[in-house]
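Analysis of the macromolecular model
Residue-level listing of the chains:
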Amino acid sequence: MDTFEVMRTAFAARDYTPRELDDATLYRILEHARFAPSGGNRQGWHVIVLKDRHLRHQLADLMAPTIKQYKAQAMKGETPFSSVHATHVTQEEIDAMSPEMPFSSQLADAPAALLVTVDLAKVTAFDQSLDRVAVVPGASIYPFAWNIILAARNEGFGGVLTTFLANHEPEAKALLGIPETHAIACLIGLGEPVKQLTKLKRRPVDEFATVDHWQGHPFNG
Ligand SMILES: Cc1cc2nc3c(=O)[nH]c(=O)nc-3n(C[C@H](O)[C@H](O)[C@H](O)COP(=O)(O)O)c2cc1C
């Protein structure tokens, strides 16, 4: 496929046809995704191919409390789990939510599911001493994760990533034997989308790019 077409149409595919995503195709997806960049080219990623459905259910169960809180916050108009603003939801509001989210229920049955971890011992975190949540370390793992989705799209498949599991990382790490220095980056579901979207809703460039200053005039090419 044309590169720009892949980039413009790799949507969050959560509903899949029963078509199998065989190991040879999955291998080819990872074989291309591995050309992602990482700080110092240290490539701290590890992928666990989740074949065991029971294990996938266990991971979905671990995400359930986080999903409930996320939904309660979203319902109140908050950005869920914001590191900037405190939450005002009550435990009762959280308890009232169902533990289902788009994708969480599909995880167990997705034709393929991957867990991506990153070795923090291999990641530079220039922003670790700032008085805010660290962003820079993610730059050494999410390009790889996104490359998996792009490569899947190129193969006629699609996927979605979720980061909910990170909120219960210790339990997930124990379940999967993930080493101490690794962090859970995301879960990825892959399969043939029931419907391939082609027009994704995204802000136009001149809404988010400015010249020379945050409040500079819009960069419009
Ligand atoms: C960091 C991150 C976390 C995400 N988590 C979830 C998730 O938990 N569940 C889900 O269904 N989609 C998840 N998504 C997909 C987003 O919802 C999706 O990219 C966005 O809504 C745009 O959808 P579209 O590409 O179909 O237009 C996540 C995407 C990112 C980048």
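Residues numbered from 1 in each chain as written. Predicted model: local features only at pLDDT ≥ 70, side-chain atom pairs only at ≥ 80, totals over all residues. Heavy atoms only, no water.

1. Things to note about the packing of aromatic side chains
Going through the model one piece at a time under the given rule, you end up with two aromatic pairs. Each ring, one from Trp45 and one from Phe144, has its centre 4.3 Å from the other, and the planes form 5°; the classification is stacked. Placement of the pair is Trp45 in strand β1 (residues 45-49) and Phe144 in helix α5 (residues 142-154), with a sequence separation of 99 residues. By the burial criterion, Trp45 is buried, and Phe144 matches it. (Phe/Tyr/Trp six-rings, centres within 6.5 Å; stacked < 30°, edge-to-face > 60°. Helix = DSSP H or I, 4+ residues; strand = E, 2+ residues; numbered from the N terminus. Buried < 20%, exposed > 50% of the residue type's maximum accessible area, 1.4 Å probe, protein only.)

2. Notes on the nonpolar core
If you look at the biggest cluster of nonpolar residues, it comprises 27 residues, and the most contacted ones within it are Leu21, Val116, Ile141, Phe144, Ile148, Ile188 and Leu190. Of all the secondary-structure elements, those providing two or more residues to this core are α2 (23-33), β2 (112-119), α5 and β4 (182-191). Residue contributions to this core peak at seven residues, all from α5. Here Val116 is in contact with His46, Val47, Ile141, Phe144, Ile148, Ala183, Ile184, Ala185, Cys186 and Ile188, once residues within four sequence places are set aside. Formed by 25 residues, the second largest nonpolar core is a distinct cluster that contains Phe11, Ile67, Ala113 and Leu115. (Core = buried A, V, L, I, M, F, W, Y, C linked by side-chain atoms within 4.5 Å. Contact = heavy atoms within 4.5 Å.)

3. Structural notes on the pattern of salt bridges
This structure, assessed with the given rule, holds six salt bridges. Note that Asp127 and Arg132 form a salt bridge whose closest N and O atoms lie 2.9 Å from each other. Judged by its relative accessible area of 43%, Arg132 is partly exposed. (Salt bridge = Lys/Arg side-chain N within 4 Å of Asp/Glu carboxyl O.)

4. Things to note about the sheet that holds β4
Pairing within the open sheet is antiparallel, and its four strands lie in the order β1-β2-β4-β3. Strand pairing shows two members of the sheet lacking a second neighbour, β1 and β3 (158-162), which therefore form its edges. The sheet shows a mean angle of 25° between the axes of neighbouring strands, taken without regard to direction. Alignment of β1 against β2, held across five bridges, turns out to be antiparallel. Each residue of the ladder has a partner; that of Ile48, found in β2, is Leu115. Strand contacts of α2: β1, β2 and β4, with the helix running at about 30° to β2, the strand carrying the most contacts. Together, β1, β2, β3 and β4 form the strand contacts of α5, whose direction differs from that of β4 by roughly 10°. (Pairing = 2+ DSSP bridges. Axes fitted to C-alpha atoms, helices over the stretch in contact; angles between N-to-C directions.)

5. Quick word on the site of the ligand
The environment of the ligand is formed by Phe11, Ala12, Arg14, Pro102, Phe103, Val160, Leu161, Thr162, Thr163, Phe164 and Arg202. Between Pro102 and the ligand, the recorded distance is 3.1 Å, taken from a backbone N or O atom to an oxygen atom. In isolation the ligand offers 630 Å² of accessible surface; the protein chains occlude 60% of this area. Residue classes in the shell around the ligand are distributed as seven nonpolar, two polar and two charged. (Near = heavy atom within 4 Å. Polar contact = N/O pair within 3.5 Å; in protein donor to acceptor, adjacent residues only side chain to side chain. Areas by Shrake-Rupley, 256 points an atom, 1.4 Å probe, with all protein chains shown as cover. Nonpolar A, V, L, I, M, F, W, Y, C, P; charged D, E, K, R; others polar.)

6. As for helix α3 (residues 53-75)
Relative to the 33 Å expected for 23 residues at 1.5 Å per residue, α3 spans 31 Å between its end C-alpha atoms, a close match to the ideal helical length. Along α3, the largest kink reaches about 40° and is centred on Ala64; proline Pro65 follows within four residues of it. When we look at burial in α3, the residues that qualify are Leu55, Arg56, Leu59, Ala60, Leu62, Met63, Ala64, Thr66, Ile67, Ala72 and Gln73. For α3, the side-chain oxygen to backbone nitrogen distance between the N-cap and His54 is 2.8 Å, and the N-cap itself is Asp52. Downstream of α3 by one or two residues, Gly77 has phi in the positive range, about 85°. (Expected span 1.5 Å × (residues − 1). Bend = angle between axes of the 7 residues up to and from the residue.)

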